[in-house]
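# Observations on chain architecture
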Amino acid sequence: MSQAASHAESAPASHDESHEAGHDEHHGPAWLAHHFDTPAQQFDAAKLGMWAFLAQELLFFSGVFVAYGIFRSWYPEAFSSASHQLDRVMGAANTIVLLFSSWTAAMAVRSSQLGKKQQTTTLLLITIACAFIFLIVKYFEYQHKFHAGLLPGKYFGHPVDGGLFGAIPAGHGHTPHLAPKAHIFFSLYFVMTGIHALHVIVGIGVLFWIVKRNAAGEFSKEFFTPVDLVALYWHLVDLIWIYLFPLLYLID
Amino acid sequence: MGAATTTVPRAQPHHPDPNENYLKAERGIMSWLVTLDHKRIGIMYLISVILAFAVGGFFALAVRFELFSRGHTIMDADQYNRAFTLHGVVMVFLFIIPSIPAALGNFVLPIQLGAKDVAFPRLNLMSYYIYVFGACFALYSMVTGAVDTGWTFYTPYSMRTTSSVIPMVLGAFIMGFSSILTGVNFLVTVHKLRAPGQTWTKLPLFIWGLYSTSIIQVLATPVLAITLLLLCLERFLGLGIFDPKLGGDPVLFQHFFWFYSHPAVYIMIVPGMAVVNEIIATFTRRAIVGYMFVAMSSLALALLGFLVWGHHLFVSGMSEYATMVFSGLTFLVAIPSGVKVFNWVATLYKGSIRLESPMLYALSFIFLFTIGGLTGLFLGMLAIDVHLHDTYFVVAHFHYVMVGGTVMGFVGGLHYWWPKMTGKLYNEGMAKVAWFLVFIGFNVTFIAQFIMGSRGMPRRYYDYLPEFEIFHKTSTIGSWILGAGFLTMLAMFIISLKSGAKSTRNPWGSAALEWQTPTPPPLANFIKVPTITRGPYDYHLATEEELSEQ
Ligand code: HEM
Ligand SMILES: [Cu+2]
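Residues numbered from 1 in each chain as written. Chains lettered and ligands numbered in written order. Predicted model: local features only at pLDDT ≥ 70, side-chain atom pairs only at ≥ 80, totals over all residues. Heavy atoms only, no water.

Counting its regular elements, chain B contains 17 helices and zero strands. Taken against the 2.2 N^0.38 rule, which gives 24 Å for 550 residues, the C-alpha radius of gyration of chain B at 23 Å falls within 12% of a compact globule. Projected onto its principal axes, the C-alpha positions of chain B cover 65 × 50 × 45 Å. For chain B, buried positions account for 65% of its 550 residues. Residue pairs at least 24 apart in sequence account for 81% of intrachain contacts in chain B once pairs closer than 6 positions are excluded. Within the structure as shown, chain B displays about 18400 Å² of accessible surface, and the carbon and sulfur contribution to it stands at 72%. Each charge class in chain B was averaged separately, 33 positive and 27 negative side chains, and the resulting centres sit 8 Å apart. (Helix = DSSP H or I, 4+ residues; strand = E, 2+ residues; numbered from the N terminus. Rg over C-alpha atoms; globule rule 2.2 N^0.38 Å. Buried < 20%, exposed > 50% of the residue type's maximum accessible area, 1.4 Å probe, protein only. Contact = heavy atoms within 4.5 Å. Areas by Shrake-Rupley, 256 points an atom, 1.4 Å probe, with all protein chains shown as cover. Lys, Arg positive; Asp, Glu negative; His and termini not counted. Charge placed at Lys NZ, Arg CZ, Asp CG, Glu CD.)

Right under this line is the structure:
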């Protein structure tokens, strides 16, 4: 032990016996992991980790955004005519639902900080309910597209490009007239909203898990990090939708 | 996600003694498989990447053997395509990217910080299993027909080929997440878990390197992930994003791919440089000259790495202006690389150099990486690249960087930290023989490729004209010497595990922090949390006791 200490000198008072790893006598609360010294340190670490993770998520989406930008500039008519096939009302409704759920998620953090356990549960459950509403609306949107033959890529049911896709039944004949290359718009539409919906589903799972932990009394005024982090994640899901909505639904 | 990892159960059921060395603190195979200890996770990574290296090496030797003579030697053209693809994929995604950060870094980084563990131990274990899971996909692809696209999976070929592209691409996708999570973990650990006194300017340069690498891992890898996902969907649904027949753009795939894969080159090389810093300081007993320049050059490489991907697309039909910009930016990368090389040389100058095996690898790194880097400048020149693109010159260039650089750094680091990890010494004579074979074998293999590449031998070709025969033969013989070198090294390490002498606390007489704790380190890394009072290379401040072997 003297070996380790020699480089390290003996520790100042603030770093005293509690750091004798010896018996890992740990004076902090139960939720403080053994390798952290203070709750603040643990909280900061978790938060920084989450921000790094969210940065990663943004870059993940950036790929499809770049693809969108390129193809939109190449095929502007296709994009604008295809965009009109989307249901703006449903899109707008979903935007409002998500914005509202982001707000309830933020309020859940607030109430958790204040130690209001019951209120936190309620707010988180509202957030989850909104997420379900979002998915249900999405389901109807998708279903409508499927029926109209507005499918991604080679399944697109509209005979464009001199019948390249003619072999596929043209959406029971309902398919409206769209400019060539509209199938790329729908490819991007399904990929972007699909990946986003996947994030919503993951979010629901995590939110439920947090509700459970909250109900079990794991969180308190002192320890609410997981609520904070899941809310951050949810804000990102919201943020991405806020970009998707105008790009996909509102362009002309 | 991050939230899952904020609390870690403090006490395992049977309360291992944190002062006991980490190999002995707990016993049984399960205690390894579910461990949260960064040192054990590092060792598990180490074993995995070495296995991957063996598989990749097997394919390398097979590819080289096929090219020993013209025409059919041991496989047909189709098998050849699959063999070099498997070699490339395995080496890049299974070996070289996780090698230094996930294996050596996991073991060393928290100890050098004076921390008890990484910030998110459970996430760390999860990263490992994600890596294994991804590797299983790659393995599955191998047994269901493998892939013949080359490791770059370029469209549109990768959409048309009947080979087993989807499992392989999903494998790379999954392993990407392992890499991202390791990056997040290290970033947070460096920011939040430094021991008292461990200021940013006292950080070991190994940590600066891993920190820069983590930034790249977190910011570049997701772009690869979305690219590979789109590729899978393109195969399933014919999205039309990359497929020119459907109005898509195959060059977009190349842009996306290289936006990850060029920075990935720095995921490979910056950690190698970081290892070299540690070895050089220890084996010259000197502070690295220009500490701050060296630290910042890692960050500069990480950031510049994001701006130069276009140099892989000079002949893919970019605008002239774009190629000029990318060419210019590419040259900028030479500056931080040069800073490192000059600072190493300056450190060596007047240092009391000891030529033990880790140092031999570090010196090889400098020598070979310099060649790799300088030939990179040739490729960055527009006019010259048009001639050299997709020839063996490129193959030789990237092997000088990846093998001559990263693999030397990895192997050097493995020799250097081996006594700390295992508590055992190895046979230095045998280590030197292995080094000699590796160094000679490597140069014989790849100098021949520089020459034939500059004379126009294209890469990825199954057959060649008679005038290239002499170079291919030389190269193949070199690969045997190289292979023999790695086998000798493997034997040496196995002997060391079986019957190596017990290592002292600080066998190299290093002033760095990880050598101040017992060998092998205790479960909690230090018996008492250290307070850092001097830098890792301050040999003039270190006491005799700190530097002594015991
Ligand atoms: C043991 C020594 C090695 C030999 C003899 C060897 C040989 C080869 C050969 C013949 C090729 C095919 C070149 C082509 O036509 O494109 C190749 C490609 C490649 N090698 Fe190696 N290699 C070795 C080690 C490594 C290592 C250690 C790495 C990485 C850490 C690596 C990474 C690659 C990559 C990424 C490719 C490109 C594959 C592709 O084009 O898809 N190699 N190597
Ligand atoms: Cu590059």
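Turning our eyes to something else, we now look at the overall build of chain A. Within chain A, the regular secondary structure consists of seven helices and zero strands. Going residue by residue from the N terminus, the α and β elements of chain A occur as α-α-α-α-α-α-α. When burial is assessed residue by residue, chain A has 53% of its 252 residues classed as buried. When contacts within chain A are restricted to residue pairs at least 6 apart in sequence, those whose partners lie at least 24 apart make up 75%.

With that settled, the discussion passes to the site of ligand 1. All names here are of chain B. For ligand 1, the set of nearby residues contains 25 residues, the closest of which are His 87, Ile 96, Trp 151, His 399 and Arg 460. At a separation of 3.1 Å, an oxygen atom of ligand 1 approaches a polar side-chain atom of Arg 459. A distance of 2.4 Å separates an oxygen atom of ligand 1 from a polar backbone atom of Arg 460. Put simply, the parts of the chain that give the shell around ligand 1 at least two residues each are helix 2 (38-66), helix 3 (77-113), helix 14 (392-422) and helix 16 (469-499). Class assignment for the residues of the shell around ligand 1 results in 17 nonpolar, five polar and three charged. (Near = heavy atom within 4 Å. Polar contact = N/O pair within 3.5 Å; in protein donor to acceptor, adjacent residues only side chain to side chain. Nonpolar A, V, L, I, M, F, W, Y, C, P; charged D, E, K, R; others polar.)

Turning our attention to the coordination of the copper ion (ligand 2). Around the copper ion (ligand 2), the donor atoms from the protein are B:His262 (ND1), B:His311 (NE2) and B:His312 (NE2), and they sit 1.7 to 2.0 Å away. For B:His311, a relative accessible area of 14% translates into the label buried. (Donors = N, O, S within 2.8 Å, 3.2 Å for Na, K, Ca; no water.)

All names here are of chain A. Considering the arrangement of structural elements, one finds Gly 194 in helix 6 (residues 182-215). For the pair Gly 194 and Pro 76, spaced 118 residues apart in sequence, the C-alpha separation works out to 23 Å. Not counting residues up to four positions away in its chain, the partners in contact with Gly 194 are Tyr 142 and Tyr 189.

Moving on, we get to the UniProt feature "domain: Cytochrome oxidase subunit I profile" (unreviewed entry) in chain B. According to UniProt, the "domain: Cytochrome oxidase subunit I profile" (unreviewed entry) feature falls on residues 26-533 of chain B. Overall, residues 26-533 of chain B shows 70% helix and 0% strand. The separation of its end C-alpha atoms is 32 Å. (UniProt positions renumbered as here; feature names shortened; annotations may be inferred.)

Contacts between chain A and chain B engage 70 residues on the former and 70 residues on the latter. In this assembly, chain A packs against chain B so that about 5700 Å² is buried in total across both faces, 70% of it on carbon and sulfur atoms. If you look at where chain A meets chain B, you find zero salt bridges. When residues of the side of chain A that touches chain B are assigned to their parent elements, the largest contribution, 22 residues, is made by helix 2 (residues 39-74) of chain A. Grouping the amino acids of the side of chain A that touches chain B by side-chain chemistry returns 43 nonpolar, 20 polar and seven charged. (Buried area = accessible area lost by both parts, 1.4 Å probe. Salt bridge = Lys/Arg side-chain N within 4 Å of Asp/Glu carboxyl O.)

It is possible for side chains bearing opposite charge to pair when their charged atoms get close. All names here are of chain B. The tally for this structure, following the rule as stated, stands at 11 salt bridges over all chains. Note that Arg 160 is salt-bridged to Asp 243, the shortest N-O span being 3.0 Å. With a gap of 83 residues between them, Arg 160 in helix 5 (residues 157-160) and Asp 243 in the loop between helix 7 (205-237) and helix 8 (250-284) connect regions that are remote in the sequence. When its relative accessible area of 43% is taken as the criterion, Arg 160 is described as partly exposed. Overall, the relative accessible area of 7% leaves Asp 243 in the buried class. One salt bridge connects Arg 354 with Glu 356, and the closest N-O pair in it is separated by 4.0 Å.

Attention shifts here to the nonpolar core. Residues and elements named next belong to chain B. In this structure, Phe 93 and Phe 153 are the most contacted members of the largest nonpolar core, which totals 258 residues. Broken down by element, this core gets its largest block of residues, 22 residues, from helix 3. If sequence neighbours within four positions are ignored, Phe 93 has contacts with Pro 98, Tyr 131, Trp 151, Phe 153, Ala 172, Met 175, Leu 224 and Tyr 260. (Core = buried A, V, L, I, M, F, W, Y, C linked by side-chain atoms within 4.5 Å.)

All names here are of chain A. Residues annotated by UniProt as "transmembrane region" (unreviewed entry) correspond here to residues 51-71, 91-109, 121-140, 184-211 and 232-251. The span residues 91-109 carries 100% helix and 0% strand; its end-to-end C-alpha distance comes to 27 Å. Secondary structure within residues 184-211 divides into 100% helix and 0% strand; the distance between the first and last C-alpha atoms comes to 40 Å.

This brings us to the coordination of the iron atom of ligand 1. Residues and elements named next belong to chain B. Within the first shell, the iron atom of ligand 1 binds the protein through His 87 (NE2) and His 399 (NE2), at distances of 2.0 Å. Viewed at the metal, the six donor atoms of the iron atom of ligand 1 are separated by angles of 86 to 179°, and the geometry they form is octahedral. Here the residue His 87 occupies a position in helix 3, and His 399 occupies one in helix 14, the gap between them amounting to 312 residues. Taken as a pair, His 87 and His 399 share a single burial class, namely buried. (Tetrahedral: all angles 85-135°; square planar, octahedral: opposite > 155°, others 65-115°.)

The next thing to look at is the packing of aromatic side chains. For any pair of aromatic rings, the description rests on two quantities: the centre-to-centre distance and the angle between the ring planes. Applying the stated criterion to the full structure yields 72 aromatic pairs over all chains. Ring centres 6.3 Å apart and planes at 70° place the aromatic pair A:Phe65 and A:Tyr243 in the edge-to-face group. Of this pair, A:Phe65 sits in helix 2 while A:Tyr243 sits in helix 7 (residues 225-249), placing them 178 residues apart in sequence. In this structure, A:Arg213 is placed above the aromatic ring of A:Trp209, and the distance from its NZ or CZ to the ring centre is 4.8 Å. Lying across the ring of B:Phe68, B:Lys473 places its NZ or CZ 4.6 Å from the centre. (Phe/Tyr/Trp six-rings, centres within 6.5 Å; stacked < 30°, edge-to-face > 60°. Lys NZ or Arg CZ within 6 Å of the ring centre and 35° of its normal.)

So, about helix 15 (residues 428-454) of chain B. Residues and elements named next belong to chain B. The terminal C-alpha atoms of helix 15 lie 39 Å apart, and with 27 residues this matches the ideal 39 Å at 1.5 Å per residue to within 8%. The N-cap of helix 15, judged by a side-chain oxygen 2.8 Å from the amide nitrogen of Gly 429 a few residues on, is Asn 427. Among the residues trailing helix 15, Gly 456 stands out with phi positive, at a value near 105°. (Expected span 1.5 Å × (residues − 1).)

Across its 28 residues, helix 6 (residues 165-192) of chain B extends 41 Å between first and last C-alpha, which sits within 8% of the 40 Å expected from 1.5 Å per residue. Of all the 28 residues making up helix 6 of chain B, 24 are buried; the element is thus mostly covered by neighbouring parts of the structure.

Residues and elements named next belong to chain B. Between helix 3 and helix 6, the shortest axis-to-axis distance is 11 Å and the interhelical angle comes to 20°. Comparing their axes, helix 6 and helix 3 come out roughly parallel. Every pair of crossing elements has a handedness; the one defined by helix 3 and helix 6 is left-handed. The segment helix 3 lies against helix 6, with Leu 86, Val 89, Phe 93, Leu 94, Ile 97, Pro 101, Gly 105, Asn 106, Leu 109 and Leu 113 engaging Met 168, Ala 172, Met 175, Ser 179, Phe 186, Thr 189 and Val 190. Looking at side-chain class alone, the contact of helix 3 with helix 6 contains 13 nonpolar, four polar and no charged residues. (Axes fitted to C-alpha atoms, helices over the stretch in contact; angles between N-to-C directions. Parallel < 35°, antiparallel > 145°, perpendicular 65-115°, else oblique. Left-handed = near helix turned anticlockwise from the far one by under 90°.)

All names here are of chain A. Residues Leu 125, Phe 132, Ile 136, Tyr 139, Phe 140 and Phe 208 make up a contiguous nonpolar surface patch of about 590 Å² in total accessible area. In terms of residue count, helix 5 (residues 117-148) provides more of the nonpolar patch than any other element does, five residues in total. Along the polypeptide, Phe 140 turns up in helix 5. (Patch = residues over 30% accessible without salt bridge, like charges linked within 9 Å, V, L, I, M, F, W, Y side chains within 5 Å.)

All names here are of chain B. When pLDDT is averaged along chain B, the result is 94, and 97% of the positions lie at 70 or above. Contacts of residues 1-7 to residues separated by more than four positions or lying in other chains number 27 contacts, the stretch itself having pLDDT below 50. Overall fold confidence for the complex sits at a pTM of 0.91, while the interface term, ipTM, reaches 0.91. (pLDDT = per-residue confidence, 0-100.)

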